[in-house]
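In case you want the letters, here they are:
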Amino acid sequence: MAGVAVFAAPTLVMAQSADTITVGISADANTFDPAAISSRDNSNIAKHIFGTLYEITPAGEIVPDLAESYVEAEDGKSYTYTLREGLVCEDGEALTAEDAAYSFNRAADPANAFTGNTPGFVYSSIQFAGAEAISDREVKINLGQKNPVSFGLIAEVFIHCKDSYEAMSLEDAASKPVGSGPYKLASWDRGSQVVLERVKEDEANAQNIIWRIIPEASTRSAELIAGNVDIITNVAPDQLDAVNNSGNAEVKAVQGTRRIYVGFNQREDFAEGSEGGKAIQDTAVRVALQYAVDVPAICSQLLNFECTRANGLVNPPNDNKSLSPYPYDPEMAEKLLDEAGYPRGEDGVRFEITMQAPRGRYLNDANVALAVGQYLSDIGVQTNVELLEWASVYVPLISAHDAGPMFLLGSGGGTWSPLYDMTDLSTPDAGTNYTDWSNPEWFDGWAEIAAATTDEERRVVIDRMLEVFYNDPPWLMLYFQPDFYGVSKRVDFQPRRDEKVYLFDTKIASN
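Residues numbered from 1 in each chain as written. Predicted model: local features only at pLDDT ≥ 70, side-chain atom pairs only at ≥ 80, totals over all residues. Heavy atoms only, no water.

> Explain the pairing of strand 14 (residues 381-388) residue by residue, including any values.
Two elements, strand 13 (residues 351-358) and strand 14, share eight bridges in a ladder whose sense is parallel. Paired with I353 across the strands is T383, a residue of strand 14. Following the backbone out of strand 13, through helix 14 (residues 365-378) and into the adjacent parallel strand 14, one traces a crossover that is right-handed. (Pairing = 2+ DSSP bridges. Helix = DSSP H or I, 4+ residues; strand = E, 2+ residues; numbered from the N terminus. Right-handed = clockwise from strand over helix to strand, strands pointing away.)

> Tell me what's going on with the nonpolar core, and back it up with residues and numbers.
In terms of nonpolar packing, the biggest core is built from 123 residues, with Y81, F104, V293, M422, W442, L478 and Y479 touching the most fellow members. Here this core takes eight residues from helix 14, the largest share from any one element. Ignoring sequence-local partners within four residues, the contact set of W442 consists of L313, M422, L425, W437, M465, L466, V468 and F469. The next biggest cluster of nonpolar side chains, apart from the first, holds 36 residues, and it includes A46, I213, I231 and V501. (Core = buried A, V, L, I, M, F, W, Y, C linked by side-chain atoms within 4.5 Å. Buried < 20%, exposed > 50% of the residue type's maximum accessible area, 1.4 Å probe, protein only. Contact = heavy atoms within 4.5 Å.)

> So what about the environment of Y123? Which residues, and what values?
Mapped onto the secondary structure, Y123 falls in helix 3 (residues 117-126). Placed 39 residues apart in sequence, Y123 and K162 show a C-alpha to C-alpha distance of 20 Å. Residue contacts for Y123: discarding those within four places in its chain leaves S103, F104, N105, A107, A108, T118, F128 and V157.

> Please set out the packing of aromatic side chains residue by residue, giving values where relevant.
Going through the model one piece at a time under the given rule, you end up with 31 aromatic pairs. Look at F121 and Y420: their rings are 5.7 Å apart centre to centre, the planes differ by 90°, and that puts the pair in the edge-to-face class. Of this pair, F121 sits in helix 3 while Y420 sits in helix 16 (residues 418-422), and the two are 299 residues apart along the sequence. An aromatic cluster is present here, built from Y261, F407, W437, W442, F443, W446, F469 and W475 joined pairwise through their rings. Lying over the aromatic face of W188, R190 brings its terminal NZ or CZ to 3.8 Å of the ring centre. One cation-aromatic arrangement involves R361 over W390; the distance from NZ or CZ to the ring centre is 5.5 Å. (Phe/Tyr/Trp six-rings, centres within 6.5 Å; stacked < 30°, edge-to-face > 60°. Lys NZ or Arg CZ within 6 Å of the ring centre and 35° of its normal.)

> How would you sum up the pairing of strand 5 (residues 78-83)? Please name residues and give values.
For strand 5, the buried fraction is high: six of the six residues fall into the buried class. Of the two faces of strand 5, the one lined by S78, T80 and T82 and the one lined by Y79, Y81 and L83 are each fully buried. Examined bridge by bridge, strand 4 (residues 67-72) and strand 5 share five bridges and lie antiparallel to one another. Bridging across to strand 5, Y70 finds its partner in Y81. Taken together, strand 4 and the strand that follows it, strand 5, pair antiparallel across an intervening segment of five residues, in which G76 is found at a positive phi of about 75°. Across five bridges, the pairing between strand 5 and strand 7 (residues 138-143) is antiparallel. Directly across from Y79, in strand 7, lies its bridge partner I141.

> Break down the pattern of salt bridges for me, with residues and values.
For the structure on display, the rule yields 24 salt bridges. Across the pair E98 and K162 runs a salt bridge whose closest N-O atoms are separated by 2.9 Å. With E98 in helix 2 (residues 97-108) and K162 in helix 5 (residues 162-166), this residue pair connects regions lying 64 residues apart in the sequence. A salt bridge links D172 to K176; the nearest nitrogen and oxygen atoms lie 3.7 Å apart. Given a relative accessible area of 30%, D172 falls into the partly exposed group. (Salt bridge = Lys/Arg side-chain N within 4 Å of Asp/Glu carboxyl O.)

> Describe the side chain of N42, and please don't skip the residues or the numbers.
Relative to the helices and strands, N42 is located in helix 1 (residues 40-47). A polar atom in the side chain of N42 sits 2.8 Å from the backbone oxygen of T31. Excluding its chain neighbours within four sequence positions, the residues that come into contact with N42 are A29, N30, T31, F32 and I37. (Polar contact = N/O pair within 3.5 Å; in protein donor to acceptor, adjacent residues only side chain to side chain.)

> Break down helix 19 (residues 455-471) for me, with residues and values.
Quick reminder: α-helices carry 3.6 residues per turn. Residues three or four places apart thus point the same way. Here helix 19 contains 17 residues, and its C-alpha end-to-end distance of 24 Å stays within 8% of the 24 Å for a straight helix at 1.5 Å per residue. All buried positions along helix 19 are accounted for by R458, V461, I462, M465, L466, V468, F469 and Y470. Each element contacted by the buried residues of helix 19 is listed here: helix 16, helix 17 (440-443), helix 18 (445-451) and strand 16 (475-488). (Expected span 1.5 Å × (residues − 1).)

> So what about unusual backbone geometry? Which residues, and what values?
Residues P316 and P317 are joined by a peptide bond in cis, for which omega reads 10°. Among the secondary structure elements, P317 is positioned in the loop between helix 12 (295-303) and helix 13 (330-339). Positive phi outside glycine occurs at N234, with the angle close to 50°. Mapped onto the fold, N234 is located in the loop between strand 11 (231-232) and helix 8 (240-244). When its relative accessible area of 11% is taken as the criterion, N234 is described as buried.

> Residues and numbers for the sheet that holds strand 7, please.
As a general point, the strands of a sheet are linked pairwise by backbone hydrogen bonds and lie either parallel or antiparallel. Strand order in the open sheet formed by four strands is 4-5-7-6, and the pairing between neighbours is antiparallel. The strands lining the two open edges of the sheet, one partner per strand, are strand 4 and strand 6 (128-133). Neighbour to neighbour, the strand axes of the sheet diverge by 20° on average, direction disregarded. (Axes fitted to C-alpha atoms, helices over the stretch in contact; angles between N-to-C directions.)

> Quick rundown of helix 14? Include the residues and the values.
The terminal C-alpha atoms of helix 14, which comprises 14 residues, lie 20 Å apart, in line with the 20 Å expected from a rise of 1.5 Å per residue. Burial analysis of helix 14 places 11 of its 14 residues in the buried class, the great majority of the element. Within helix 14, burial applies to D365, A366, V368, A369, L370, A371, V372, G373, Y375, L376 and S377. Just beyond helix 14, the residue with positive phi is G380, at close to 95°.

As structure tokens, this is what we get:
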């Protein structure tokens, strides 16, 4: 297992202002173009800049934001939203249904070649078929087919004003957003911090929000304890006691919904590029590797929590209850690999493969990746782990489906519907189908879900699809990530399970 040297960023001492909340996060934004945003950290910041038609609460309710009401068509193929009166963008331009329609259509324009969450996940899932303004305040979103989770997915699309963005280049849109939300981007010092300034006093408490980029977990904790930041994400397991015993802050833990997995890239060029890339095209090999990794041990030793291994891509309690997580059984893994035609060679190696992983994006991700690599090497699959910087290196690889042949990733999930978690794989060419998996038994199920008339009918199809995923796994299934937030006693902040760090209602308790 290769050693990894991690260098702490220098401490930046800041005077905490009475009207400013400072957040320490592990990864920088890579764009503020609303149609190109693809990561949770990036989206968390952007949500303070851009409004959405509706939004999802911590309890999973879908409630109005820029819109005040909606009507679903009888056939389920369109939603018509009525916007609130008096909406404006940060530059003073009135925000109308024409702007909302433009926001949706711009993200879908093939000339822009966007690969963010909106075109890559939302649109492929709902089969977006265009948006149109039918009055100054009414916008109609058209879909290719009925989808029970369309309403929740539409709530993820950021709204912006047409005139501002038509006048911008794509380069300007990435770094000079003109928002529709309570804050504007005041400054962005790449790799250091993002500063937001409130523009709508009645929609947020803090005058300013500073998002500091602190990749090293121990440095984030030190800054929290020193009082230089108010909230930090991804508190490392070995830092929990230090934060809780500091007298200045505490760790607030929640069971998150992010699915942590290792993807098997099924793209043809990976199959042709190396022996390992070819091997993982075989379902029998991918099943064998499930048995090679002791996931509960990774959770307890590296993440400081007891976990039940994931049995698929759907968060409990919405998963298929008939499927048991793959157990840790290295002897079974070796047996299945032998049967698949990959015996150990004289040097003990069956085949060699590369696994790429981010460094500093997820909870203890580098060590998790190295541990997985070691488990695989122990059964003769010599795994070379490449640890890469998140925002500028890993995100572009993932977005283009160029990571691999194996790659560690965390995909955001939810508990409000199993279909939300499943829509990562809505079509073979979905932007979030990072493995390029194409099993027709899975993808044909979506038409049956659309045609189902009751929840009971739909559940039968869902469980069958999840069994297909389990038996022909495009992922090496790991765990649902726990989330540890460090919170200063200076602020009143309650974390959510879905990793959405929204600070509109967060109050500053004391100076």
